[in-house]
Protein chains: 2
Amino acid sequence: MIGDKDISLTFAKGMAVLKAFDAARTHLSIADIAGVTGYDRAIVRRLVLTLVHLGYVRQSGRVFSLTPRVLVLAGGFLQGRGYGKNVQPTLSAHSRHLEEAISLAMLDGLEAVYVAHGDVEDRPVSIGFTIGSRIPLLPTAIGRALLGFASDDIRDGALSEAPAEQFTADTITDRAAIAEAVAASGRQGFALVDNEFEPGVAALAVPVGRPGNVLAAVGISGPREAFSAPEHVERARRALAGCASALEPLLAD
Amino acid sequence: MIGDKDISLTFAKGMAVLKAFDAARTHLSIADIAGVTGYDRAIVRRLVLTLVHLGYVRQSGRVFSLTPRVLVLAGGFLQGRGYGKNVQPTLSAHSRHLEEAISLAMLDGLEAVYVAHGDVEDRPVSIGFTIGSRIPLLPTAIGRALLGFASDDIRDGALSEAPAEQFTADTITDRAAIAEAVAASGRQGFALVDNEFEPGVAALAVPVGRPGNVLAAVGISGPREAFSAPEHVERARRALAGCASALEPLLAD
DNA sequence: ATAAAAATGTGCGTTTATCGCACAAACCGA
DNA sequence: TCGGTTTGTGCGATAAACGCACATTTTTAT
């Protein structure tokens, strides 16, 4: 465990300021950031000006916003693992073959993060996820696929601590019921979620990796009607499993 | 100008440590990071352990590497501007229509950064760029398209300070000649680069925005033979110009 | 247009966190 | 197994950061 003496408080505060800029908050004043982070206004001022100085944030009057330079930090992760050369083409090829846009996500604490995305023609845009989008674990197919193959401690931790928010009328929020759904996902090697996260939307996901060591999950989503035929679901499941197999060697460190 | 007293040195050091992880360096030891950043080993140790504590970096033995959580920082930029709902679908639709994978990049200091990417069937993967990939300005179509529409000070600064590296035998490295090519790009509203950045590859790019206020650039690349027919280039230019027009309102702050 | 409220800029004394060195311990490579 | 390299750690010194209060600027409401 990292001791207090090994933590740089100033750096941690700085990262909290950087993190204050998110999907819901793009243009923030010093007072806004102080509100979000809880830090004194003078602290926030120095830290955000440091980000401006480094080029990660721009200032327009009293309002600050992120610059594309923050993408370079993500590029450090994606480029370093050859995502552009290997993962993305694999995902794109399987998306075209399945004629569904396949997404790839990874566990990140008590949620998942979109890491890559295959594209296909004329797919309806739902929530509009991008690389870096956060996905709740408990009500989503990708989340349940990840947890179903996660190690015991990670799964149990998420099942007891991840937010169990009501997204639709059908969202299961009872943690015991979610645990059972996750266990079933683990046994059958896929997760199917119907109308629990996005109204009118179903999703199917398959883990990448092996039980106890989940690297990622791949999944598709669409109007729930598209998932009502069992043979269609089975065809999609097989295709996602094929995609997962192809991706596994590319994602192993 | 931000005064020294408004800069947090510790936070700036921390960001330098985070930035040490890049396309070429994914797994780094404390000694490696100290080498890359020039900071004392003890400083580096505290800062990288802070990143581990915050979940952006993982430690395996003596080696540290980025986690998917850094993508969430990028998500702050992408999600906040609706890239998933608006920019990406527009880029994808234009890519399918043109039957070429169109990339979107933005200026970032003395280089450009890939921000989004359209996908098409069976496109050869060249360098394997991803979101966050850095692109040199002087030898690339996207770079020249950006500079051709940039404000005078940005363009002149880049022309004198951006690296003028020799990527191929055909790379123009004479700054006066590059300046002329950039000026031509600005006048004609597009840049065409042939075999200057990737051997055997040509690229075409169009700026998004208006002269003096460039928001981004869109571009395609492929085997130079594909760009040899003037009517093909003109067709692609028109399509990219249409894509740029469609994207402009989406990218304006 | 004006006044009040809110936000920001700034200086600076105080405080705390960070620095950085040296030695011990652990790890790695030959 | 041993030597070289790297890392862990403690801790006194110091620099950086804190944080408060007042001045200034900006914004909002009337």
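Here the structure is a predicted model, which means the values were calculated and not measured.

J.: Before we move on, can you summarise the overall build of chain A with the specific residues and values?
T.: When helices and strands are counted, chain A shows 9 helices and 8 strands. Taken over the C-alpha trace, chain A has a radius of gyration of 20 Å; the compact-globule value for 253 residues is 18 Å, and the two agree within 12%. When its C-alpha atoms are laid out on the principal axes, chain A stretches across 60 × 40 × 35 Å. Looking at chain A as a whole, 49% of its 253 residues qualify as buried. For chain A, contacts bridging at least 24 residues in sequence account for 56% of all contacts bridging at least 6.

J.: Describe the protein's contact with DNA strand C, and please don't skip the residues or the numbers.
T.: By nearness alone, 19 residues border DNA strand C, and Thr10, Ser29, Ile30 and Ala31 of chain A together with Ala42 of chain B come closest of all. Residues that form the surface near DNA strand C fall into these classes: 7 nonpolar, 5 polar and 7 charged.

J.: Now, about the interface of chain B and chain A: what can you tell me, with residues and values included?
T.: On the side of chain A, 61 residues touch chain B, which itself brings 61 residues to the contact. Breaking the side of chain B that touches chain A down by element, the ones donating at least two residues are helix H1 (9-19), helix H3 (41-54), helix H4 (69-80), helix H5 (83-98), strand E3 (103-108) and strand E4 (111-117) of chain B. Here the element with the most residues in the side of chain B that touches chain A is H4 of chain B; it accounts for 12 residues. Looking at the side of chain B that touches chain A residue by residue, the class counts come to 29 nonpolar, 21 polar and 11 charged.

J.: Lay out helix H5 (residues 83-98) of chain A with the relevant residues and their values.
T.: All names here are of chain A. Within H5 the residues assigned to the buried category are Tyr83, Gly84, Val87, Gln88, Thr90, Leu91, Ser92, His94 and Ser95. The inward-facing, buried residues of H5 abut helix H4 (69-80), strand E3 (103-108), strand E4 (111-117) and helix H9 (230-251). Glutamate 99 occupies a position one or two residues after H5 and carries a positive phi of about 60°.

J.: Provide a residue-level description of the sheet that holds E4 of chain A, including the pertinent values.
T.: Residues and elements named next belong to chain A. Read from one edge of the open sheet, 6 strands run E5-E4-E3-E8-E7-E6, paired in antiparallel fashion. The open sheet is flanked by strand E5 (134-136) and strand E6 (191-194), the only strands paired with a single partner. Strand-to-strand twist across the sheet, computed as the mean angle between neighbouring axes with direction ignored, equals 35°. Taken together, the 3 bridges between E3 and strand E8 (residues 213-223) define a ladder with antiparallel strand orientation.

J.: Which residues make up the relation of the copies chain B and chain A, and what values do they have?
T.: Screw-axis analysis of chain B against chain A gives a translation of 0.0 Å along the axis, an RMSD of 0.0 Å, and a rotation angle of 180°. Each copy turns onto its partner about a two-fold axis. When C-alpha positions in chain B are compared against the rotation axis, the closest is assigned to phenylalanine 11 of chain B, at 2.3 Å. The fraction of interface residues of chain B whose copies in chain A are also interface residues reaches 100%, indicating that both copies meet through the same surface.

J.: A description of the protein's contact with DNA strand D should follow, citing residues and the corresponding values.
T.: Around DNA strand D there are 19 residues in total, and Ala42 of chain A together with Thr10, Ser29, Ile30 and Ala31 of chain B lie nearest to it. Elements supplying a minimum of two residues to the surface near DNA strand D: helix H1 (9-19) and helix H3 (41-54) of chain A together with H1, helix H2 (30-37) and H3 of chain B. Tallied by class, residues from the surface near DNA strand D come to 7 nonpolar, 5 polar and 7 charged.

J.: How would you explain unusual backbone geometry if you had to name every residue and give the values?
T.: Notably, asparagine 195 of chain A is not glycine yet its phi reads approximately 65°, a positive angle. Structurally, asparagine 195 of chain A can be placed in the loop between E6 and strand E7 (201-210). Notably, glutamate 99 of chain B is not glycine yet its phi reads approximately 60°, a positive angle. Note that glutamate 99 of chain B resides in the loop between H5 and E3. Glutamate 99 of chain B sits in the partly exposed class, given 13 other C-beta atoms within 10 Å.

J.: Can you break down the domain arrangement of chain A residue by residue, with the values?
T.: Structurally, chain A comprises domain 1 (4-67) and domain 2 (72-251). Taking only C-alpha atoms into account, the centre of domain 1 of chain A sits 31 Å from that of domain 2 of chain A.

J.: I'd like a description of the packing of helix H7 (residues 152-161) of chain A against helix H8 (residues 175-188) of chain A, backed by residues and values.
T.: Residue and element names in this part refer to chain A. Running from N to C, H7 and H8 cross one another at 145°; their axes reach a closest spacing of 9 Å. In the packing of H7 onto H8, the handedness of the crossing is right-handed. Mapping the contact onto sequence places Arg155, Leu159 and Ser160 in H7 and Arg175, Ile178, Ala179 and Val182 in H8.

About the criteria used
Every residue gets a number counted from 1 within its own chain, in the order that chain's sequence is written. As a convention, the first chain written is A and the first ligand written is 1, with the rest following in written order. Local features are withheld for residues below a pLDDT of 70 in this predicted model, meaning they are given only at 70 or higher, and side-chain atom pairs are given and counted only at 80 or more; totals for whole chains, interfaces and linings count all residues. By the criteria applied, helices consist of DSSP H or I runs no shorter than four residues and strands consist of E runs no shorter than two, each listed in order from the N terminus. Radius of gyration means the value over C-alpha atoms here, while the globule rule gives 2.2 Å times the residue count to the 0.38 power. A residue is called partly exposed when the number of other C-beta atoms within 10 Å of its own lies between 12 and 20, exposed at 12 or fewer, and buried at 20 or more, with C-beta atoms placed from the backbone. Contact between two residues is assigned whenever their backbone-derived C-beta positions fall within 7 Å. We call a residue near a molecule or strand if the C-beta atom, set from the backbone, is within 6 Å of it. In this count, Pro and Cys sit with the nonpolar residues alongside Ala, Val, Leu, Ile, Met, Phe, Trp and Tyr, while Asp, Glu, Lys and Arg are called charged and the others, Gly among them, polar. The criterion for strand pairing is that DSSP finds at least two bridges linking the strands in question. Lines fitted to the C-alpha atoms define the axes, with helices restricted to the stretch that makes contact. Angles between their N-to-C directions range from 0 to 180 degrees. The copies are overlaid by a least-squares fit using only the C-alpha atoms of residues whose pLDDT is at least 70 in both copies. For the domain bounds, the source is a domain assignment made automatically or taken from a database. Note on convention: near helix rotated counterclockwise from far helix by under a right angle means a left-handed crossing. Clockwise means right-handed.

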